[in-house]
Amino acid sequence: MNIFNLSRTEEYVSNRTRFFEIYETSPRINNLSLHIKLTRLFIRYLTRIFGFYIAAKLLGLLLKSFNFYNNKDSKTYIEYILAINKFNIEYLLHLSNNQMTEAVYKKNQWGEYILKFSTSGLSRWSARNYLSLLSRHGFHTFEHKSCDLVIDKKLAKRHSELKFYIYGPNAVSLPNEIYEDHIIVFLKPIDYDLSKFKKSILFLNGVYYRTKILRDNFLKKSITEKYSQIIVSCRTSPIDIPFERAKFPIGDTIASPMALGRLLYNLVLQYGTFNCVIEGFDFYLDKKMYASYYPSMSIDKEQEQLICSGLAAHDPLYNFLYSKELTEILDIADSDSFKSLIEMSSKSYLEELSKIRNFNTLRQQ
């Protein structure tokens, strides 16, 4: 399961994601100082013990007391993290009640609050990126200076003659060898002979790399011999040659792209636009998390909670729209199933997602 955030910590207990408070990183902030640490622990265990609804109400009462004693335009950091956690908990509450539109509008309020009060340049830029993207697709009225595209226009003007066959975790059949002149791209190492393809790329997420590969020298050796290029989407773990550390698109606790978006971002950064086939990506509109042959770290009975927690952390609408805008600059051949999904309206996507995913599992903290 791909779960990526810059300043959110995720914990796996019996393959279940627990609630953690969100906070910002900045040279001027010590998130481990006693008063901030106590505030964070208060938010964390308040939510775990009493659930989203009561936690949001109690945080709201606390914030009213701050406002009563302090009417300044600026906010203390403790007041700020109480507020952004209240936004996040209310967002999760809407998702858990399958209120997709309300969840989006709550996230918009969160983004506007970040722009007004955050002291972190990264958080403000991420919020601007998020609100700009949603405004381009009719989900927000953005009154600030907007961001044009999810990737630099200059990169979009470069074009490569290379062709890629991007093979995802929910493909219904083994790789099609009619694309042997393509560079085949996987997100996990699978047991398949790649010799017929022009080249191969393995794009690993950080969780799989840290838990399965980092300390397994035999597995490291076997995959480096098998794949032409291995890119690891991990910020913190040591990455040794021939492994390469991925480049990261803008993202923070408010939203960040998931596997396909990060993969396409890295390929466009390296090669410019290109021709590709995309297979086995469904934006979580299939009840299954992975096809049966695909290496999975989840336990079936906990799978839905993991999926929904990952979607909530990244933001499903943002992830969908981010991938949609990136694919618009690519020449996608064949890929009928993928095209039918990526061409869906945002509203239709959210409606289908709410029917298939059980976001009520988010309450299983």
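Residues numbered from 1 in each chain as written. Predicted model: local features only at pLDDT ≥ 70, side-chain atom pairs only at ≥ 80, totals over all residues. Heavy atoms only, no water.

Student: Mind laying out the sheet that holds strand β5 (residues 199-205), listing which residues take part and the relevant values?
Tutor: Strand pairing within a sheet occurs via backbone hydrogen bonds; the two strands may be parallel or antiparallel. Pairing within the open sheet is parallel, and its seven strands lie in the order β7-β6-β5-β4-β3-β8-β9. The open sheet has two edge strands, β7 (243-245) and β9 (331-332), and neither has a second partner. As judged from the four bridges shared by strand β4 (residues 183-186) and β5, these two strands associate in the parallel manner. When the sheet's bridge partners are listed, I184 is paired in β5 with S200. Running at roughly 160° to strand β3 (residues 159-167), helix α8 (residues 259-271) makes contact with β3, β4, β5, β6 (229-233) and β8 (273-279) of the sheet. (Pairing = 2+ DSSP bridges. Helix = DSSP H or I, 4+ residues; strand = E, 2+ residues; numbered from the N terminus. Contact = heavy atoms within 4.5 Å. Axes fitted to C-alpha atoms, helices over the stretch in contact; angles between N-to-C directions.)

Student: I'd love a proper account of the pairing of β6, names of residues and values included.
Tutor: Judged by how many residues are buried, β6 sits mostly within the fold: five of five residues are covered. On β6, burial covers both faces: Q229, I231 and S233 on one face and I230 and V232 on the other are all buried. Judged from the five bridges that link them, β5 and β6 form a sheet pairing that is parallel. Within β6, the position partnered with L204 by the bridge is V232. The sheet contact formed by β6 and β7 spans three bridges and is parallel. Counterpart to I231 in the pairing with β7 is E244. (Buried < 20%, exposed > 50% of the residue type's maximum accessible area, 1.4 Å probe, protein only.)

Student: Could you give me a rundown of helix α3 (residues 100-117), with the residues and numbers involved?
Tutor: For α3, spanning 18 residues, the distance from its first C-alpha to its last is 26 Å, which sits close to the expected 26 Å at 1.5 Å a residue. The set of residues buried in α3 consists of M100, A103, V104, K106, K107, N108, W110, G111, Y113, I114, L115 and F117. Where α3 is buried, its residues meet α2 (77-96), α4 (121-136), α10 (316-327) and α12 (346-356). (Expected span 1.5 Å × (residues − 1).)

Student: Got a sec to walk through the packing of α10 against α12? Specific residues and values, please.
Tutor: Put simply, α10 and α12 touch, their axes get as near as 11 Å, and they point 135° apart. One finds that α10 runs oblique with respect to α12. The chirality of how α10 crosses α12 is right-handed. Contacts between α10 and α12 involve P316, L317, F320 and L321 from the first element and S346, Y349, L350 and L353 from the second. Tallied by class, residues from the contact of α10 with α12 come to seven nonpolar, one polar and no charged. (Parallel < 35°, antiparallel > 145°, perpendicular 65-115°, else oblique. Left-handed = near helix turned anticlockwise from the far one by under 90°. Nonpolar A, V, L, I, M, F, W, Y, C, P; charged D, E, K, R; others polar.)

Student: Describe the environment of R245, naming the residues involved and giving the relevant values.
Tutor: Mapped onto the fold, R245 is located in strand β7. For R245, a relative accessible area of 34% translates into the label partly exposed. For the pair R245 and V232, spaced 13 residues apart in the sequence, the C-alpha separation amounts to 5.0 Å. Among residues more than four places away in sequence, those in contact with R245 are I231, V232, C234, R235, T236, S237, P238 and I239. Separated by 3.3 Å, the side chain of R245 and the backbone oxygen of R235 make a polar contact. (Polar contact = N/O pair within 3.5 Å; in protein donor to acceptor, adjacent residues only side chain to side chain.)

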